[in-house]
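Coordinates in review
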Amino acid sequence: MPLFLIERNFAEQLEFTTDSVREVTEINQEISVHWLFSFLSADKKKTYCLYEATDPEAIREAARRAGVPADVIVEVDQINPEAYV
């Protein structure tokens, strides 16, 4: 499945709760997008998330339903550094 890196910009500092994470997870499952990993910026106003999804539209739909931004979506490939040693 294709990999996508999503940049999300938040006006206020982002605070995660168990309920908000559960809600996003349920939406992702319904739309068949799979969260893999996230980074949170030091000021807590940006996240960079790695997802598996069929296409960028699935990610946009999941973000819209969850009420979170998906400002930049870039399809990426995985690089395995050990393959180049």
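Residues numbered from 1 in each chain as written. Predicted model: local features only at pLDDT ≥ 70, side-chain atom pairs only at ≥ 80, totals over all residues. Heavy atoms only, no water.

The secondary structure content of the chain amounts to two helices and four strands. Counting only C-alpha atoms, the chain reaches 40 × 30 × 20 Å along its principal axes. A buried classification covers 26% of the 85 residues belonging to the chain. The contacts of the chain with a sequence gap of at least 6 include a subset with a gap of at least 24, amounting to 74%. (Helix = DSSP H or I, 4+ residues; strand = E, 2+ residues; numbered from the N terminus. Buried < 20%, exposed > 50% of the residue type's maximum accessible area, 1.4 Å probe, protein only. Contact = heavy atoms within 4.5 Å.)

Pairing of strand β2 (residues 34-40) with strand β3 (residues 46-52), which is carried by six bridges, proceeds in the antiparallel orientation. Residue F37 lies in a different strand from β3, and its bridge partner there is L50. Connecting β2 to the antiparallel partner β3 that follows it, the hairpin turn spans five residues, and K44 within it adopts a positive phi of roughly 60°. (Pairing = 2+ DSSP bridges.)

Considering all chains together, one arrives at one aromatic pair under this definition. Summarising the aromatic geometry, the rings of F37 and F39 are spaced 5.0 Å apart at their centres and angled 65° between planes, so their arrangement reads as edge-to-face. You can call F39 exposed: its relative accessible area is 53%. (Phe/Tyr/Trp six-rings, centres within 6.5 Å; stacked < 30°, edge-to-face > 60°.)

Next up on the list: the sheet that holds strand β4 (residues 72-76). Reading across from one edge, β2-β3-β1-β4 is the order of the four strands in this open sheet, with antiparallel pairing throughout. In this open sheet, the two strands that pair with only one neighbour each are β2 and β4. Neighbour to neighbour, the strand axes of the sheet diverge by 20° on average, direction disregarded. Each of β1 (3-9), β3 and β4 touches helix α2 (residues 56-66); the most contacted strand, β1, lies at about 35° to it. (Axes fitted to C-alpha atoms, helices over the stretch in contact; angles between N-to-C directions.)

Okay, the pattern of salt bridges next. Following the criterion strictly, the structure yields five salt bridges and no others. R22 is the partner of D19 in a salt bridge, and the nearest nitrogen-oxygen pair spans 2.8 Å. Here D19 pairs with R22, and both are found in helix α1 (residues 18-31), just three residues apart, close to one helical turn. You can call R22 partly exposed: its relative accessible area is 42%. A salt bridge links R65 to E30; the shortest N-O distance between them is 2.3 Å. Of the two residues, R65 is situated in helix α2 and E30 in helix α1; the sequence distance between them amounts to 35 residues. The class for E30 is exposed, based on a relative accessible area of 54%. (Salt bridge = Lys/Arg side-chain N within 4 Å of Asp/Glu carboxyl O.)

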